[in-house]
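So you can see what is in the structure, the chains are spelled out below.
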Amino acid sequence: MALVVQKYGGSSVGSTDRLMAVARRLIRAKERGDQVVAVVSAMGDVTDELLDKARAISADPPEREMDMLLATGEQVTIALLAMAIDTLGHQAISFTGAQAGIVSDAVHTKARIQEVRADRMMEALDAGRIVIVAGFQGLTPDGEITTLGRGGSDTTAVAVAAGLGADVCEIYTDVDGVFTADPRVEPLARKIDTISYEEMLEMAATGARVLQLRSVEFARNHNVVIHVRSSFNDREGTIVKEADETMEQAIISGVTHDTSEAKVTVRDVPDRPGVAAEVFGRLADANVNVDMIIQNVSEAGTTDISFTTPKDDLVRAIKAVGEVVADLGAREWSVDESIAKVSLVGAGMKTHPGVAALMFRSLADAGVNLDMISTSAIRISCVIAADQVDTAVRTLHKAFGLDERSVIAETAPAAPGA
Ligand code: ADP
Ligand code: ASP
Ligand code: MG
């Protein structure tokens, strides 16, 4: 008997018909003799709708209350799914994050899971029930409800799988797995059969929202193998696990893009020690995430600093920057919301020179201007104009041979249909 965790995202539970389909899939697993835990998201666009309602009332709502609001989305799904299983003649029980023993820190709207107290889930499983857990939410040791950041149900699923010592952690979504680019932008993208944690971390960090970044970190830290697959068919998806010699040795695994960030520029900041520390210290104090940073060459004792930040953090970023500009005597600041980031990810970059040169040349030939550039050992990212992002993704996908097969050494046979 295996213990299986299956996570269903928003579009997989987007209607009552879809909930019935998910209920049947869970029952199939149960009837195979497995113990089954489902982790579910809010139905369809419910989380976005809740966010819109909050923003119609306040530009900067108190984060504790935001969590009280957002956590309701998943609570609807768990109850309806338990009812669906009940009407099909099987036993289920729904749990909120708190009831499932998901303990988090107290950073509202971006909380991190600290511990999973799995006893109550275990008891229900031992009693023969299908356990249904609300994704995306936790409870602090002080009894406050938190949420885990957008896409956080993925992290709930991985944490529950780790906490229960599950044999399988399946993430069901609306595409067949992890692709070489977002299949909605690049129709020639192909499904990746297996990918290492290292590469998946970079892909998730640069916009491949099919898995939340934190879920991949959690999986790597707790050695949870993830199977990303579609809830709309029975095809094998993508396995995310520790790198080994049977994996495809692609130079480039994928092209990712992200339009969720904005660029903030602070002009004519005094060029002296401690200024960057002051700017980014204030942003950190305001709980603003910062991604790329560029400081221009200094002229006449002043310099410009630009950084990118999630648009979700922009209201807080602007407030902090406004204060710091006044305190430091900088000239002005500006915000550009029409930017995008396009990235190339691949472990083969470490050993193959010329990847950056080909990336920049291909984008230049396609008329795409590069605004900022950053790199890691296995990733190159460029900030470009938002209206050029689809062109940039398709240009790079083609330039690096991803729509054909860029695999240069394959030691394992390809999966059927790959
Ligand atoms: P869910 O509601 O199931 O959590 P998400 O919308 O969070 O689903 O994530 C799935 C979406 O991620 C897909 O519909 C796809 O458009 C997008 N996506 C972006 N990049 C990739 C990629 N490289 N591979 C697969 N999907 C991707
Ligand atoms: N419902 C949450 C969101 O839309 C969590 C999730 O779907 O993973 O971000
Ligand atoms: Mg998601």
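Quick note: structure is the one above.
The present account deals with the structure reproduced in this document. All chains use their own residue numbering, which begins from 1 and follows the written sequence. Here the convention is simple: chains get letters from A, ligands get numbers from 1, in the order in which they are written. In keeping with the model being predicted, local features are shown solely for residues with a pLDDT of at least 70 and side-chain atom pairs are shown and tallied solely at 80 or more, while totals for entire chains, interfaces and linings include all residues. Each side-chain value is worked out from all heavy atoms of the structure, with water and hydrogens disregarded.

1. A look at the overall build of the chain
And then number 1: Check the secondary structure of the chain and you find eleven helices and 20 strands.
And then number 2: Atoms counted for the radius of gyration: C-alpha only. Globule rule: 2.2 Å times residue count to the power 0.38. A compact globule built from 418 residues would reach a C-alpha radius of gyration of about 22 Å, and the chain, at 23 Å, matches this within 12%.
And then number 3: Counting only C-alpha atoms, the chain reaches 75 × 50 × 35 Å along its principal axes.
And then number 4: For the exposure calls, accessible area comes from a 1.4 Å probe over protein chains only, and a residue counts as buried if that area is under 20% of its type's maximum, exposed if over 50%, partly exposed in between. A total of 418 residues make up the chain; the buried ones form 51% of that total.
And then number 5: In the chain, once contacts between residues fewer than 6 apart in sequence are set aside, the share between residues at least 24 apart is 75%.
And then number 6: Using a 1.4 Å probe, accessible areas were evaluated by the Shrake-Rupley method; residue-level cover was limited to the displayed protein chains. Total accessible area on the chain is roughly 18,200 Å²; 50% of this is exposed by carbon and sulfur atoms.
And then number 7: Counting rule for charge: Lys and Arg are taken as positive, Asp and Glu as negative, and neither His nor the chain ends is counted. A charge is said to be at NZ when it belongs to Lys, at CZ for Arg, at CG for Asp and at CD for Glu. Across the chain, the mean location of the 40 positive side-chain charges is 3 Å away from that of the 61 negative side-chain charges. Starting at the N terminus, helices and strands are each numbered in turn, a helix being any DSSP run of H or I of at least four residues and a strand any DSSP run of E of at least two. In this description, contact between two residues means that some pair of their heavy atoms is separated by no more than 4.5 Å.

2. Here we look at the site of ligand 2
And then number 1: Close contacts around ligand 2 come from Ser41, Ala42, Thr47, Glu74, Phe136, Arg150, Gly151, Gly152 and Ser153, and that covers them all.
And then number 2: Interatomic distance of 2.8 Å between a side-chain N/O atom of Thr47 and a nitrogen atom of ligand 2.
And then number 3: For ligand 2, whose unbound accessible area comes to 260 Å², protein coverage reaches 87%.
And then number 4: Across the shell around ligand 2, the residue classes tally to two nonpolar, five polar and two charged. Any residue with a heavy atom positioned within 4 Å of a molecule or strand is treated as near that molecule or strand. Under the rule applied, a polar contact is a pair of N or O atoms within 3.5 Å (in protein, one hydrogen donor and one hydrogen acceptor; residues adjacent in sequence only if both atoms are side-chain atoms). Note that Gly is not counted as nonpolar here; it falls among the polar residues with everything else outside the nonpolar set of Ala, Val, Leu, Ile, Met, Phe, Trp, Tyr, Cys and Pro and the charged set of Asp, Glu, Lys and Arg.

3. Here we look at the site of ligand 1
And then number 1: The environment of ligand 1 is made up of 19 residues, and the closest members are Thr173, Asp174, Asp182, Arg184 and Arg209.
And then number 2: Between ligand 1 and Asp182 there is a distance of 2.9 Å, counted from an oxygen atom to a side-chain nitrogen or oxygen.
And then number 3: Within the contact set of ligand 1, an oxygen atom lies 2.6 Å away from a side-chain nitrogen or oxygen of Arg209.
And then number 4: For ligand 1, the protein covers 91% of the area, taking 570 Å² as the surface of the free molecule.

4. Brief notes about the sheet that holds strand β15 (residues 293-295)
And then number 1: Two strands form a pair only when DSSP identifies at least two bridges running between them. Spatially, β15-β16-β14-β17 is the arrangement adopted by the four strands of the open sheet, whose pairing is antiparallel. Each having just a single partner strand, β15 and β17 (332-336) make up the two edges of the open sheet. Taking the axes of each pair of neighbouring strands and ignoring which way they run, one obtains an average angle of 15° across the sheet.
And then number 2: Alignment of strand β14 (residues 261-270) against β17, held across five bridges, turns out to be antiparallel. Paired with Thr265 across the two strands is Ser334, which belongs to β17.
And then number 3: Angles here are taken between N-to-C directions and fall from 0 to 180 degrees, while the axes themselves are lines fitted to C-alpha atoms, restricted in helices to the stretch in contact. Packed on one face of the sheet, helix α8 (residues 275-285) meets β14, β15 and β16 (302-310) and runs near 25° to β16.
And then number 4: The strands touched by helix α9 (residues 314-328) are β14, β16 and β17; relative to β14, the strand with the most contacts, the crossing angle is about 5°.

5. Re unusual backbone geometry
And then number 1: For Thr109, which is not a glycine, the phi torsion comes out positive at approximately 75°.
And then number 2: Residue placement: Thr109 occurs in the loop between β4 (102-104) and β5 (113-116).
And then number 3: Residues other than glycine seldom take positive phi values, yet Asp268 does so here, at roughly 55°.
And then number 4: Secondary-structure assignment places Asp268 in strand β14.

6. Here's the deal with the nonpolar core
Generally speaking, nonpolar side chains in soluble globular proteins are found buried as a group.
And then number 1: Remark: nonpolar core denotes a set of buried residues (Ala, Val, Leu, Ile, Met, Phe, Trp, Tyr, Cys) joined through side-chain atoms within 4.5 Å. Formed by 68 residues in total, the largest nonpolar core has its most connected members in Val37, Met121, Met200 and Leu344.
And then number 2: In terms of residue count, the dominant contributor to this core is helix α5 (residues 153-164) (six residues).
And then number 3: With residues near it in sequence (within four places) discarded, Met121 still touches Phe95, Ala100, Val116, Val131, Val133, Val160 and Leu164.
And then number 4: Formed by 22 residues, the second largest nonpolar core is a distinct cluster that contains Val13, Ile27, Val36 and Ala84.

7. Some points on the packing of aromatic side chains
And then number 1: Ring pairs are drawn from Phe, Tyr and Trp, using the six-membered ring of Trp, whenever the two centres fall within 6.5 Å, and their geometry is named by plane angle: stacked under 30 degrees, edge-to-face over 60, tilted for the rest. Across all of its chains, the model carries two aromatic pairs by this definition.
And then number 2: Taking the centre distance of 4.8 Å and the plane angle of 10° together, the rings of Tyr8 and Tyr172 count as stacked. In this pair, Tyr8 is assigned in strand β1 (residues 3-8) and Tyr172 in strand β9 (residues 168-173), connecting sequence segments 164 residues apart.
And then number 3: For Tyr8, a relative accessible area of 0% corresponds to the buried category.
And then number 4: When its relative accessible area of 2% is taken as the criterion, Tyr172 is described as buried.
And then number 5: Measuring from ring centre to ring centre gives 5.6 Å for Phe280 and Phe307, while their planes differ by 75°; the resulting arrangement is edge-to-face. With Phe280 in helix α8 and Phe307 in strand β16, this pair connects stretches of sequence that are 27 residues apart. Note on accessibility: Phe280 and Phe307 belong to one class, buried.
And then number 6: Positioned over the ring face of Phe232 is Arg18, at 3.9 Å from the centre of the ring. A ring is scored as having a charge over it whenever the NZ atom of a lysine or the CZ atom of an arginine sits within 6 Å of its centre and within 35 degrees of its normal.

8. Side note on the packing of helix α6 (residues 197-205) against helix α7 (residues 213-222)
And then number 1: Direction vectors running N to C along α6 and α7 enclose 165°, while the axes themselves pass 8 Å from each other. One element, α6, and the other, α7, form an angle in the roughly antiparallel class. α7 is crossed by α6, and the crossing has left-handed handedness. Contacts between α6 and α7 involve Tyr197, Met200, Leu201, Ala204 and Ala205 from the first element and Leu213, Val216, Glu217, Ala219 and Arg220 from the second.
And then number 2: Within the contact of α6 with α7, the residues separate by chemical class into eight nonpolar, no polar and two charged. Orientation labels follow simple angle bins: below 35 degrees gives roughly parallel, above 145 gives roughly antiparallel, 65 to 115 gives roughly perpendicular, and whatever is left gives oblique. A crossing counts as left-handed when the near helix is turned anticlockwise from the far one by less than a right angle, and as right-handed when that turn is clockwise.

9. Structural notes on the environment of Val185
And then number 1: Position of Val185 relative to the elements: it lies in the loop between β9 and β10 (194-196).
And then number 2: Overall, the relative accessible area of 9% leaves Val185 in the buried class.
And then number 3: Sequence spacing of Val185 and Asp105 is 80 residues, and the spatial spacing of their C-alpha atoms is 36 Å.
And then number 4: Leaving out residues up to four positions away in the same chain, Val185 has contacts with His257, Asp390, Val393 and Arg394.

10. Points about helix α1 (residues 16-31)
And then number 1: In this scheme, a helix's expected span is set at 1.5 Å multiplied by one less than its residue total. With 16 residues, α1 should reach 22 Å at 1.5 Å per residue; the first-to-last C-alpha distance of 22 Å fits that figure.
And then number 2: The inward-facing, buried residues of α1 abut β1, β2 (35-40), α3 (63-87), β6 (130-134), β9 and β11 (226-230).
And then number 3: Directly beyond the C-terminal end of α1, a positive phi value near 100° is found at Gly33.

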